[in-house]
Amino acid sequence: MELRHLRYFAALAETLNFTRAAEKNHVTQSTLSHQIKQLEEELNVPLFERVGRRVLITEAGDSLLAQITPALKQIDLAVNALLTSPATMTGCIRIGATYTFNTNLVPKYLATFLSRNPEMKIVSEELPQAEIIRKLEEDSLDLGIAYRPNEGHDLWFEPLFNEEMVLITGANHPLAKRKRVRMIELNNMRMTLLPKIFNTRQQLDECFRACGAEPQIVVEMNAISPMLELVRQTDLVAIVGKTALDSANGLSAVALENPTPIRTPGVLWKKGGRENTAVNEFAAMIRRSVTLREGEWP
């Protein structure tokens, strides 16, 4: 199996048309058809179904496409990086990030990227995850930095790392000095959490149901910063991701177990979206940053 086989396969999977896929790869239709056949024979599984003049991708083909797309993008990025001088890279990148990333990580990414690409313009928005997904699907964002979304969307998701969620208490709260707290111990606990429309809240509710805990949700807030300030000033507790903690002054972070709520942050972009060297470079920079700091993530 060679790289060209995968490129031909990806082009045909995108277009579902041998003629257009061949034109995209600057080869003849017969050459592309032969290469696809070779790939199917090597994998010993059909990747496409030919129904009359129609081309349909099989379940195996769809699975292969999902696995190789991030790798192909990374290869293209590496090649483009050699051919494109950062000083000549221009244009605009539209980024949407949830609070967790927009507060602590996105500013660092933007500073690094702009130092290498001073001619670029960046529009960065702090948005709820649902809004990020909607704007990506509408092509009003180029890239999203958020958590793994639920099914029913037309987006690629590249996971970056796993993040434990922790219990946040005020400094004088009875649980503040604990190293770990079991989820069942939060039964009847007075809490402030995100509203139910947030994926994070839905995940936490599943954790509570799994262990049989029913906390008292006294306040629902749609932003992390005021939620943490409320915890600082009251007897309420909250559950947030570790990366959301900009400053622990006056707060305690306690690990949770049985079960431990874990989220998977990553990069989101639209399937079949327009290729953009600057967007790919920004995504690669995030990937490299996470790899370098891998040992520091929860």
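Scroll up to find the structure this text is about.
Residues numbered from 1 in each chain as written. Predicted model: local features only at pLDDT ≥ 70, side-chain atom pairs only at ≥ 80, totals over all residues. Heavy atoms only, no water.

A.B. asks: Give me the overall build of the protein chain: which residues, what numbers.
C.D. replies: Each helix and strand in the protein chain was counted, giving ten helices and 14 strands. By its C-alpha atoms, the protein chain is 75 × 45 × 35 Å across when sized along the principal axes. When each of the 298 residues of the protein chain is scored for burial, the buried share is 45%. Pairs at least 24 apart in sequence give 74% of the contacts found in the protein chain among residues at least 6 apart. Averaging the coordinates of the 34 positive side-chain charges in the protein chain and doing the same for the 36 negative ones gives two points 2 Å apart. (Helix = DSSP H or I, 4+ residues; strand = E, 2+ residues; numbered from the N terminus. Buried < 20%, exposed > 50% of the residue type's maximum accessible area, 1.4 Å probe, protein only. Contact = heavy atoms within 4.5 Å. Lys, Arg positive; Asp, Glu negative; His and termini not counted. Charge placed at Lys NZ, Arg CZ, Asp CG, Glu CD.)

A.B. asks: Go over a nonpolar patch on the surface, please, and point to the residues and values.
C.D. replies: On the surface, Leu3, Ile75 and Val79 cluster together into a nonpolar patch covering about 210 Å² of accessible area. By secondary structure assignment, the location of Ile75 is in helix α4 (residues 59-83). (Patch = residues over 30% accessible without salt bridge, like charges linked within 9 Å, V, L, I, M, F, W, Y side chains within 5 Å. Areas by Shrake-Rupley, 256 points an atom, 1.4 Å probe, with all protein chains shown as cover. Salt bridge = Lys/Arg side-chain N within 4 Å of Asp/Glu carboxyl O.)

A.B. asks: How would you summarise the pairing of strand β3 (residues 91-97) if you had to cite specific residues and measurements?
C.D. replies: Of the pairings in the sheet, the one linking β3 to strand β4 (residues 120-126) comprises seven bridges and is parallel in character. Directly across from Arg94, in β4, lies its bridge partner Val123. Note that β3 and strand β5 (residues 143-147) share three bridges and pair parallel. In the sheet register, Ile95 faces β5, and the bridge partner there is Leu143. (Pairing = 2+ DSSP bridges.)

A.B. asks: Quick rundown of unusual backbone geometry? Include the residues and the values.
C.D. replies: For the bond running from Asn258 to Pro259, omega is 0°, close enough to zero to count as cis. Tracing the backbone shows Pro259 in the loop between β12 (251-257) and β13 (262-263). Within the chain, Asp139 stands out as a residue other than glycine whose phi angle is a positive 65°. Here Asp139 is to be found in the loop between α7 (129-137) and β5. Located in the positive-phi region is Asn258, a residue other than glycine, with phi close to 55°. Assessed through its relative accessible area of 53%, Asn258 is described here as exposed.

A.B. asks: So what's going on with the side chain of Gln35? Which residues, and what values?
C.D. replies: For Gln35, the location among the structural elements is in helix α3 (residues 29-43). Aside from chain neighbours lying at most four places away, what touches Gln35 is Arg4, His5 and Tyr8.

A.B. asks: Describe in detail the environment of Phe48, supporting the description with residues and values.
C.D. replies: Structurally, the position occupied by Phe48 is in strand β1 (residues 48-51). For the pair Phe48 and Gly61, spaced 13 residues apart in sequence, the C-alpha to C-alpha distance is 6.6 Å. Filtering out sequence-adjacent residues up to four positions away, Phe48 remains in contact with Phe9, Leu12, Ala13, Leu16, Ile36, Glu40, Val55, Leu56, Ile57 and Thr58.

A.B. asks: Please set out the sheet that holds strand β14 (residues 265-270) residue by residue, giving values where relevant.
C.D. replies: Two modes of strand pairing occur in sheets, parallel and antiparallel, and in both the strands are linked by backbone hydrogen bonds. Within the open sheet, the five strands sit side by side as β4-β3-β5-β14-β6. Their pairing is mixed. With partners counted over all chains shown, the strands left at the sheet margins are β4 and β6 (155-159), one partner each. The sheet shows a mean angle of 25° between the axes of neighbouring strands, direction not considered. Contacts from helix α6 (residues 106-116) reach β3, β4 and β5 within the one sheet, and its direction differs from that of β4 by about 175°. Contacting β3, β4, β5, β6 and β14, α7 runs over the sheet at an angle of about 150° to β5. (Axes fitted to C-alpha atoms, helices over the stretch in contact; angles between N-to-C directions.)

A.B. asks: Residues and numbers for the pattern of salt bridges, please.
C.D. replies: Note on pairing: side chains with opposite charge can pair once their charged atoms come close. Here the structure, examined in full by the defined rule, presents 17 salt bridges. In this structure, Glu2 engages Arg4 in a salt bridge whose closest nitrogen and oxygen atoms are separated by 2.2 Å. Linking Asp205 and Lys196 is a salt bridge whose minimum nitrogen-to-oxygen distance equals 3.2 Å. Here the salt bridges do not stand alone but share partners, grouping Lys196, Arg201, Asp205 and Glu220 into one network.

A.B. asks: Account for the pairing of β1, naming residues and giving values.
C.D. replies: In terms of strand pairing, β1 meets strand β2 (residues 54-57) through four bridges, oriented antiparallel. Within β2, the position partnered with Glu49 by the bridge is Leu56.

Worth remembering: the numbers are spatial, not functional.
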